[in-house]
Amino acid sequence: MQFFVDTADTTEIKEFVEMGILDGVTTNPSLIAKSGRKFLEVVAEICALVKGPVSAEVTALDTPTMLKEAKVLSKIAKNVVIKLPLTTDGLKACRTLTDAGVKTNVTLCFSAAQALLAAKAGATYISPFVGRLDDIGQEGMGLIAEIKQMYKQYPAIETQILVASTRHPRHIVQAAMMGADVATIPPSVLRTLIKHPLTDRGLESFMADWKKTGQSIL
Ligand code: E4P
């Protein structure tokens, strides 16, 4: 499973690149607002840091303007993926961009039926938001299982399942167990994945015992 980080914070992105665990980045208008930076500028910087796909979201609600925005965003770098909302206009834009060879990420997916439509429109990625479904008392990961099962029936579907709105390590482990293609993960959750109290405790006791030997490697 590929790991994308869900942020527009370039300092965080740099750290995950250095760890060698990052395959791509997703952003959205809220993350851009949180960064306090200019949209085009920050996307350009992210694309220079990460070789893999970087999702940049259109902000128009109608197809013609979405396509104009997509043109501007695509010019930033080769690895820009155009993120489009799962609406009638978003699906139309998706079909046009796919036919033109532009990669797309159809976002704000909350049902299997929507995921099927995104695949029909030729989306490169479909982003089901598992955390937001959990928030309203539905089983977010259940949606991933449904989409996986549905897409499996049709080998011609090339749309990749990008598990979005992940909130905790179990979302990531379950996504991998289900065979999702990608999980996009907030930096805080990515850091939580690294941590285990037994790792900390084990390291502490190894260091204490090493000190007792009076030795040093260097
Ligand atoms: C996906 O691409 C979105 O940017 C993101 O995962 C949304 O997550 P949230 O529900 O935590 O805002």
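Look up: the structure comes first, before these words.
Per-chain numbering applies: the sequence of each chain, read as written, is numbered from 1 onward. This being a predicted model, a pLDDT of at least 70 is required before a residue's local features are given, and a value of 80 or more before pairs of side-chain atoms are given or counted; all residues contribute to the totals for chains, interfaces and linings. As a convention, hydrogens and water are excluded, and side-chain values are obtained from all of the structure's heavy atoms.

Secondary structure elements are taken from DSSP: a helix is a run of H or I of four residues or more, a strand is a run of E of two residues or more, and numbering for both begins at the N terminus. Per the secondary structure count, the protein includes 11 helices and eight strands. Each of the three principal axes of the protein carries a C-alpha extent, and together these read 70 × 40 × 30 Å. Whether two residues touch is decided by their heavy atoms; if any such pair falls within 4.5 Å, the residues are in contact. Expressed as a percentage of contacts within the protein between residues at least 6 apart in sequence, the contacts between residues at least 24 apart total 56%. Separation between the mean location of the 24 positive side-chain charges and that of the 22 negative ones in the protein comes to 3 Å. Neither His nor the chain termini are counted; the positive set is Lys and Arg, and the negative set is Asp and Glu. We put the charge of a Lys on NZ, of an Arg on CZ, of an Asp on CG and of a Glu on CD.

The next thing to look at is the site of the ligand. In this text, near means that some heavy atom of the residue lies within 4 Å of the molecule or strand in question. If you check the shell around the ligand, you find D6, T26, N28, K83, F129, R132, A164, S165, R167 and T184 and nothing else. In protein, a polar contact requires one atom able to donate a hydrogen and another able to accept it; more generally it is a pair of N or O atoms within 3.5 Å, and residues adjacent in sequence count only if both atoms are side-chain atoms. Residue R132 places a side-chain N or O atom 2.6 Å away from an oxygen atom belonging to the ligand. Here an oxygen atom of the ligand and a side-chain polar atom of S165 are 2.7 Å apart. For the ligand, whose accessible area on its own is 340 Å², the fraction buried by protein is 87%. Throughout, the ten residues Ala, Val, Leu, Ile, Met, Phe, Trp, Tyr, Cys and Pro are labelled nonpolar, Asp, Glu, Lys and Arg are labelled charged, and all others, Gly among them, are labelled polar. When grouped by side-chain class, the residues that make up the shell around the ligand number two nonpolar, four polar and four charged. Per-residue and other accessible areas follow the Shrake-Rupley method at a 1.4 Å probe size, with only the shown protein chains counted as cover for residues.

Bringing the environment of E204 into the picture now. Within the secondary structure, E204 is located in helix 11 (residues 197-213). Each residue is assigned to one of three classes by its accessible area relative to the maximum for its type, calculated with a 1.4 Å probe on protein chains only: buried under 20%, partly exposed between the two thresholds, exposed over 50%. By relative accessible area, E204 is classed as exposed at 60%. Residues E204 and A77 lie 127 residues apart in sequence; the distance between their C-alpha atoms is 45 Å.

What follows deals with the sheet that holds strand 2 (residues 24-26). In space, the eight strands of this closed barrel follow the order 1-2-3-4-5-6-7-8, with parallel pairing throughout. Direction aside, neighbouring strands of the sheet carry axes that sit 30 degrees apart on average. Criterion used throughout: strands pair if DSSP finds at least two bridges between them. Pairing analysis gives two bridges linking strand 6 (residues 125-128) to strand 7 (residues 160-163), with the strands arranged parallel. By the bridge assignment, I126 is partnered in strand 7 with I161. To obtain an axis, a line is fitted to C-alpha atoms, over the contacting stretch when the element is a helix, and the angle between two such axes runs from 0 to 180 degrees between their N-to-C directions. Along the sheet face, helix 4 (residues 63-76) touches strand 3 (54-57) and strand 4 (80-85) and points at about 155 degrees away from the line of strand 4. Sitting on the sheet, helix 10 (residues 187-194) touches strand 1 (2-6) and strand 8 (182-185), and the angle it makes with strand 1 is about 135 degrees.

With that settled, the discussion passes to helix 8 (residues 140-152). Since one α-helical turn is 3.6 residues long, residues separated by three or four positions face the same way. Expected span, for any helix, means 1.5 Å times one less than how many residues it has. Over its 13 residues, helix 8 extends 19 Å from the first C-alpha to the last, a length consistent with the 18 Å expected when each residue adds 1.5 Å. Of the surrounding secondary structure, the elements contacted by the buried residues of helix 8 are strand 5 (104-109), helix 6 (112-120), strand 6, helix 7 (130-135), strand 7 and helix 9 (169-178).

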